[in-house]
Amino acid sequence: MANRQFPDEFLWGASTSAYQVEGAAYEDGKKASQQDFINKDSYEVFGFATAEIASDQYHHYKEDVAMMKEMGFTSYRFSIAWSRIFPDGIGEVNQKGVDYYHNLINELKAAGIEPIVTLYHYDCPMALVEKYGGWLDRQIVADFEQYARFVINEYKDDVRIWTTINEQSIIVQYWTQKCYIPEELLDGKHNQLRYQINHYMNLAHAIACDLVHELVPGGIVGAPLGYSCIYPLTSAPEDVMAMQNAQALRNDFYTDVYFKGEYNKGAMIYLQEHGLAPEMTDEDLELLKNHSKSDFLAINYYASECAKWCPDDGAKEISWSGVNRSGKKGEISGFETHPGFYEMCANPRLDTTDWDWAIDPQGMEYLLRDLYNRYNKPLIITENGLGAYDTLTEDGKVHDDYRIGYLRGHIAAIKRAIDKGVKVLGYNPWSSVDLLSTSNGVKKRYGLVYVDRTDDDPKECKRIRKDSFYWYQKVIASKGSDLD
Ligand code: BGP
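**Examining the packing of helix α10 (residues 192-215) against helix α11 (residues 237-260)**
At a minimum axis separation of 10 Å, α10 and α11 run at an interaxial angle of 30 degrees. Relative to α11, the element α10 is oriented roughly parallel. Crossing of α10 against α11: the hand is right-handed. Where α10 approaches α11, its residues Tyr-195, Asn-198, Asn-202 and His-205 are matched on the opposing element by Leu-249, Phe-253, Tyr-254, Val-257 and Tyr-258. When grouped by side-chain class, the residues that make up the contact of α10 with α11 number six nonpolar, three polar and no charged.

Following this line, the structure appears as structure tokens:
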């Protein structure tokens, strides 16, 4: 019988990203990132909170780390804000920004918590967006390299595990939420740029992998990828084929670059046939082939996906993933569609969150086993969690049994994968404290710790332990054997 406990060295923690948690957007020398602008716009249009204060971790980091210690964390995955280190993207270093991350890392280490650092989480310095369009221009690769070299070198003595660029697959789907894209490129004729941005990110990823191996003794590095397993809607052969096509373009297109150093052929041919393929040089291909050495894959998994066949009969056009802004089930604005290749759809067999994300713990086991079998590289969970409306009761509690149920199911699935031989290094669910959602403000909450604020009013951002906090504490203390 399998041991009920997870391996001793398994890392238990949680995850956040800089612009979603830190706040202090213009403090101590930091200048704007594109997220400060994107979220200012979504405040004006949808009333969602801006990134200006977020969860104010910049001022609460000691309290937040103390709570992580209380839960028994052995890891914390967070990102560094490029424009806190280099306010203009390149050039002068902002020492106060550099000090902030040293202080955070020192606090973590003193609490016995291993930092897992992400170099880039959607927050390109606005100065580079204004200068040349940010990720729309190849110059970003060189500027990212100097930023990454500085950061890796600066923190190399304290940080062993590095992740590169957050969720390239999601950036392709939701390019306007993740990058500041000028209005004139949104006429439907410039969708090739989604894949061009991704290509520049692949180059930046490869360079960052080299830098970690060059600068950090014993350091390991991988990409944190938004990854969902994909099921066919039915067992009809054309739906199963559509599933394979979706797997190629939505998943293998990224992982093949990370581990084989080349683009997935079927996906690339589809993009070429539709004028969507990135422009690449021979040097680019050489860089990807010979330098893109990821040690592991970091998985951000929330929901599985479903695909069905879509005939190429002129009835539908190519489109990318829709979003649910209302937080009412069924109000998602659309599904990615590629006529003659596949169309994504809802899975009638799965319940969803209020934002239409399919809840599927089994999918976690499926994707871990599948990825490990295909690439034979360790995996680490850097995001997983349930976005939900939480209620703060009058006695100051948050009874989030729905979140406990979600996390329990996914942790059990990870254990089943480990028991079948998959190497999983750790579990860092989203998120340690409530924070700003990428598309739904602050009322869609993920944290183990409640942050008392609303979209309109940041109040004091007081921290309150949720029921899931105490439950996760017990899980960690029992090395994953007590999930009740
Ligand atoms: C991932 C991102 C995170 C995070 C999470 C939840 O895609 O890496 O930054 O926010 O999803 O998504 P959302 O905030 O849209 O609910």
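Text resumes after the structure shown.
**Observations regarding the side chain of Asp-123**
Its place among the elements puts Asp-123 in the loop between β3 (114-120) and α6 (126-132). Contacts of Asp-123, omitting those with residues within four sequence positions, involve Ala-18, Tyr-19, Ser-33, Gln-34, Gln-35, Ile-80, Ala-81 and Trp-82.

**As for the sheet that holds strand β10 (residues 342-345)**
Reading across the sheet, the four strands line up as β6-β8-β10-β9 and stay open at both edges, with mixed pairing between neighbours. If you trace the sheet from one side to the other, it starts and ends with β6 (230-232) and β9 (337-338), each paired once.

**Let's talk about the site of the ligand**
Around the ligand lies a shell of 14 residues, among which Gln-20, Glu-167, Thr-438, Lys-444 and Tyr-446 are the nearest. Take Ser-439: an N or O atom from its side chain is 3.1 Å from an oxygen atom of the ligand. In the complex, the protein chains occlude 96% of the 380 Å² of accessible area that the ligand would expose alone.

**Comments concerning the environment of Arg-84**
Within the element layout of this structure, Arg-84 appears in helix α4 (residues 82-85). Remark: the alpha-carbon pair of Arg-84 and Lys-30, spanning 54 residues in sequence, is separated by 4.3 Å. Leave out the neighbours within four places in its chain, and Arg-84 touches Glu-22, Gly-23, Ala-24, Glu-27, Lys-30, Tyr-58, Asn-94, Gly-97, Tyr-100 and Tyr-101.

**Let's talk about α10**
Between its first and last C-alpha atoms α10 spans 35 Å; for 24 residues at 1.5 Å apiece the expected length is 34 Å, and the two agree. The buried count for α10 comes to 21 of 24 residues, which makes it a mostly enclosed element.

**Comments concerning helix α16 (residues 467-477)**
Given 3.6 residues per turn, any residue in an α-helix points the same way as the ones three and four places further on. Within α16, the full set of buried residues consists of Ser-468, Phe-469, Trp-471, Tyr-472, Val-475 and Ile-476. For α16, the angular spread of the buried residues around the axis is 165 degrees, confining them to a single face. Positive phi shows up at Lys-479, right after α16, with a value of about 50 degrees.

**Regarding the sheet that holds strand β2 (residues 75-79)**
Around the barrel, which closes on itself, the eight strands sit in the order β1-β2-β3-β4-β5-β7-β11-β12 with parallel pairing between neighbours. Ignoring which end each strand starts from, the neighbouring axes of this sheet average 30 degrees apart. As defined by bridge partners, strand β5 (residues 220-226) adjoins strand β7 (residues 296-300) across five bridges and the pair is classed as parallel. Within β7, the position partnered with Leu-225 by the bridge is Ile-299.

**Topic: the side chain of Asn-324**
With respect to the helices and strands, the residue Asn-324 is situated in the loop between β8 (305-308) and β9. A polar side-chain atom of Asn-324 sits 3.0 Å from the main-chain amide nitrogen of Ser-326. Polar contacts involving the side chain of Asn-324 include one to the main-chain amide nitrogen of Gly-327, which spans 2.8 Å. Discounting chain neighbours no more than four positions away, the residues touching Asn-324 are Gly-330, Glu-331, Ile-332, Asp-354, Trp-355, Asp-356 and Asn-440.

**Focus on the packing of aromatic side chains**
Summed over all chains, the structure comprises 30 aromatic pairs. Between Phe-10 and Trp-12, the ring centres sit 4.9 Å apart and the planes meet at 65 degrees, which makes this aromatic pair edge-to-face. In terms of burial, Phe-10 and Trp-12 fall into one category: buried. For the pair Phe-253 and Tyr-254, a centre-to-centre distance of 5.5 Å together with 90 degrees between the ring planes defines the contact as edge-to-face. In this structure, Phe-253 and Tyr-254 share a single accessibility class: buried. In textbook terms, an aromatic cluster arises when at least three aromatic residues are bridged by ring pairs, as seen for Phe-6, Phe-10, Trp-12, Phe-73, Tyr-427 and Tyr-472. For the cation-ring pair, Lys-40 lies above Phe-37, with the distance from its terminal atom to the ring centre recorded as 5.7 Å. For Arg-84, the ring lying beneath its charged end belongs to Tyr-100, and the centroid distance is 5.8 Å.

**Re the pairing of β8**
Regular strands show a simple pattern: their side chains alternate between the two faces of the sheet. Note: β6 against β8, three bridges, orientation parallel. Paired with Tyr-231 across the bridge in β8 is Cys-306. Here β8 pairs with β10 via three bridges, running antiparallel. Along β10, the bridge assignment pairs Lys-308 with Glu-343.

**What to know about the packing of α11 against helix α14 (residues 361-375)**
The geometry of α11 relative to α14 is characterised by a closest axis approach of 12 Å and an angle of 45 degrees between their N-to-C directions. With respect to α14, the element α11 is oriented oblique. Where α11 crosses over α14, the two elements pack in a sense that is right-handed. Where α11 approaches α14, its residues Gln-247, Asp-252, Thr-255, Asp-256, Phe-259 and Lys-260 are matched on the opposing element by Asp-370, Leu-371, Arg-374 and Tyr-375. Here the residues of the contact of α11 with α14 sort into three nonpolar, two polar and five charged.

**Quick look at the pairing of β7**
In terms of burial, β7 is largely enclosed, as five of its five residues are buried. Here β7 shows a buried face lined by Phe-296, Ala-298 and Asn-300 and a second buried face lined by Leu-297 and Ile-299.

**Structural notes on unusual backbone geometry**
A cis amide bond links Trp-430 to the next residue, Ser-431, at an omega of 10 degrees. In the Ramachandran plot, Asn-376 falls in the positive-phi region, its phi being about 55 degrees despite a non-glycine side chain. Tracing the sequence through the fold places Asn-376 in the loop between α14 and β11 (379-383). Taking relative accessible area as the criterion, Asn-376 reaches 55% and is therefore assigned exposed. For Lys-479, which is not glycine, the phi dihedral falls at a positive 50 degrees. Inspection of the secondary structure assignment puts Lys-479 in the segment after α16.

How each quantity is defined
Residues numbered from 1 in each chain as written. Predicted model: local features only at pLDDT ≥ 70, side-chain atom pairs only at ≥ 80, totals over all residues. Heavy atoms only, no water. Axes fitted to C-alpha atoms, helices over the stretch in contact; angles between N-to-C directions. Helix = DSSP H or I, 4+ residues; strand = E, 2+ residues; numbered from the N terminus. Parallel < 35°, antiparallel > 145°, perpendicular 65-115°, else oblique. Left-handed = near helix turned anticlockwise from the far one by under 90°. Contact = heavy atoms within 4.5 Å. Nonpolar A, V, L, I, M, F, W, Y, C, P; charged D, E, K, R; others polar. Pairing = 2+ DSSP bridges. Near = heavy atom within 4 Å. Polar contact = N/O pair within 3.5 Å; in protein donor to acceptor, adjacent residues only side chain to side chain. Areas by Shrake-Rupley, 256 points an atom, 1.4 Å probe, with all protein chains shown as cover. Expected span 1.5 Å × (residues − 1). Buried < 20%, exposed > 50% of the residue type's maximum accessible area, 1.4 Å probe, protein only. Arc of directions from axis to C-beta. Phe/Tyr/Trp six-rings, centres within 6.5 Å; stacked < 30°, edge-to-face > 60°. Lys NZ or Arg CZ within 6 Å of the ring centre and 35° of its normal.

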